[in-house]
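The lines below spell out each chain.
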Amino acid sequence: MSVTILAIESSCDDTSAAIIKDAKILANLTATQAIHQQWGGVVPELASRAHQQNIVPVVDAAFKKANILPEELSAVAFTRGPGLIGSLLVGVSFAKAYALARNLPLIEVNHMQAHVLAHFIDNHPQFPFLCLTVSGGHTQLVLVKNFLEMEVVGETLDDAAGEAFDKTAKLLALPYPGGPLMDKYAQLGNAERFLFPEPQVADFNFSFSGLKTSVLYFLQREVKRNPLFAAENMNDLCAGIQKTIVDILVKKTIKAATHFGVNEIALAGGVSANSELRQRFEQAGKDRGWKTHIPAFEYCTDNAAMIAIAAHYKFLRNEFCTQQAEPLARYEI
Ligand code: KG4
Ligand code: ZN
């Protein structure tokens, strides 16, 4: 019997639908929300409204792309959390209504587990492996023991890695989200010119709020002497800030992988698009004889394909939920 699943992701500001058949992604379509750019961050109420507008056309387009009929589905899957409650509600309600109307089983998926399982879309890491999940909302080191058996061994105590990029970029007057721009300018800069302190955090946890503060104070001091300081030194500032963030992420990953004795490391989440992080992560693996896994970019940022692959493994284990499953703003792995 073949297993075909419609999966919905709506936890933040991307409305995404995917169709997966026997673990192969047939469609993965996402409507992004440009509306947030003018506000310098995601506005939850606007995100919910945009999901409401996008969800039916995105699902329709996914069926067309996959060339699948609704009658062929085996189940409907959705992101239950963590995320913005209003955003989650749109996807959860849609999935429940769809399942009810077509008399299909429902599968709820943890968004953070799904980021990790995105590695199984076109690849197959060996268990146990360590996954560094870095996005605008999360920073986690996850020890992955099996498909649905994971343990968070480290996480951020304050800002997420993506927020560290976006907030420091904002201090440099870069538009939101600043991460990709910082990456671009950093490639042209000298990372040794401006050095920022690395926080001393115990175990495998992270902290990024100190970096934001030290960049703020540094800029305030320099701008007093030269109002154009940030603009005139943009590339070097971006290179210095990015190096600090990447150093923190890579060092903790190496420390945790060594401690837990794993020899495969994986990168997930939107920040894994960062060119320096990708390169340093691969190098760290190469130097130690570890295998490194970085998924295709379309599966790094929020997407429904990762929800679909997670749902596939839950389907095989008969892990279904009822119509009572409510969205969860906080949802531990
Ligand atoms: O996973 P994602 O698409 O959405 C969340 O779940 O948050 O991650 C978005 C985050 C943003 O903070 C964005 O600035 C960051 O990923 N990002 C980057 C790069 N591309 C995206 N940060 C640094 N360098 C990049 N190239
Ligand atoms: Zn995410």
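This text goes with the structure placed above it.
Values in this document were obtained by computation on a predicted structure and should not be read as measured data.

What about the environment of Ala 27?
Stage number 1. Tracing the backbone through its elements, the reader meets Ala 27 in strand 3 (residues 24–32).
Stage number 2. Sequence separation between Ala 27 and Asn 67 is 40 residues; the distance between their C-alpha atoms is 8.9 Å.
Stage number 3. Discounting residues that sit within four places of it in the chain, Ala 27 has contacts with Ala 17, Ala 18, Ile 19, Ala 62, Lys 65 and Ala 66.

Topic: the coordination of the zinc ion (ligand 2)
Stage number 1. Taken together, His 111 (NE2), His 115 (NE2) and Asp 302 (OD) make up the protein donors of the zinc ion (ligand 2), found 2.1 to 2.2 Å from the metal.
Stage number 2. Geometry at the zinc ion (ligand 2) is irregular, judged from its four donor atoms and the angles of 83 to 140° they form at the metal.
Stage number 3. Counting along the primary sequence, the residues that act as donors to the zinc ion (ligand 2) give the motif H-x3-H-x186-D. Residue His 115 is located in helix 3 (residues 111–117), and its partner Asp 302 is located in the loop between strand 10 (291–293) and helix 10 (304–316); the two are separated by 187 residues in the primary sequence.
Stage number 4. Overall, His 115 belongs to the buried group, its relative accessible area being 1%.

Some details on a nonpolar patch on the surface
Stage number 1. On the surface, Leu 171, Leu 216 and Tyr 217 cluster together into a nonpolar patch covering about 260 Å² of accessible area.
Stage number 2. Inspection of the secondary structure assignment puts Leu 216 in helix 6 (residues 209–225).
Stage number 3. Of the residues examined, Leu 216 reaches a relative accessible area of 31% and is grouped as partly exposed.

Points about the sheet that holds strand 4 (residues 75–81)
Where strands meet in a sheet, backbone hydrogen bonds hold them as pairs that are either parallel or antiparallel.
Stage number 1. Taken in spatial order, the five strands of this open sheet run 3-2-1-4-5, and their pairing is mixed. With one partner strand each, in any of the chains shown, strand 3 and strand 5 (106–110) form the two edges of the open sheet. Strand-to-strand twist in this sheet, taken as the mean axis angle between neighbours without regard to direction, amounts to 20°.
Stage number 2. Here eight bridges tie strand 2 (residues 14–21) to strand 3, and the two strands are oriented antiparallel to one another. Paired with Ile 19 across the strands is Ala 27, a residue of strand 3.
Stage number 3. Contacting strand 1 (4–9), strand 2 and strand 3, helix 1 (residues 44–66) crosses the sheet at an angle of about 25° to strand 2.
Stage number 4. Here helix 10 sits on the sheet and contacts strand 1, strand 2, strand 3, strand 4 and strand 5; the angle it forms with strand 1, its principal contact strand, is near 135°.

About the thresholds
- Residues numbered from 1 in each chain as written.
- Chains lettered and ligands numbered in written order.
- Predicted model: local features only at pLDDT ≥ 70, side-chain atom pairs only at ≥ 80, totals over all residues.
- Heavy atoms only, no water.
- Helix = DSSP H or I, 4+ residues; strand = E, 2+ residues; numbered from the N terminus.
- Contact = heavy atoms within 4.5 Å.
- Donors = N, O, S within 2.8 Å, 3.2 Å for Na, K, Ca; no water.
- Tetrahedral: all angles 85-135°; square planar, octahedral: opposite > 155°, others 65-115°.
- Buried < 20%, exposed > 50% of the residue type's maximum accessible area, 1.4 Å probe, protein only.
- Patch = residues over 30% accessible without salt bridge, like charges linked within 9 Å, V, L, I, M, F, W, Y side chains within 5 Å.
- Areas by Shrake-Rupley, 256 points an atom, 1.4 Å probe, with all protein chains shown as cover.
- Salt bridge = Lys/Arg side-chain N within 4 Å of Asp/Glu carboxyl O.
- Pairing = 2+ DSSP bridges.
- Axes fitted to C-alpha atoms, helices over the stretch in contact; angles between N-to-C directions.

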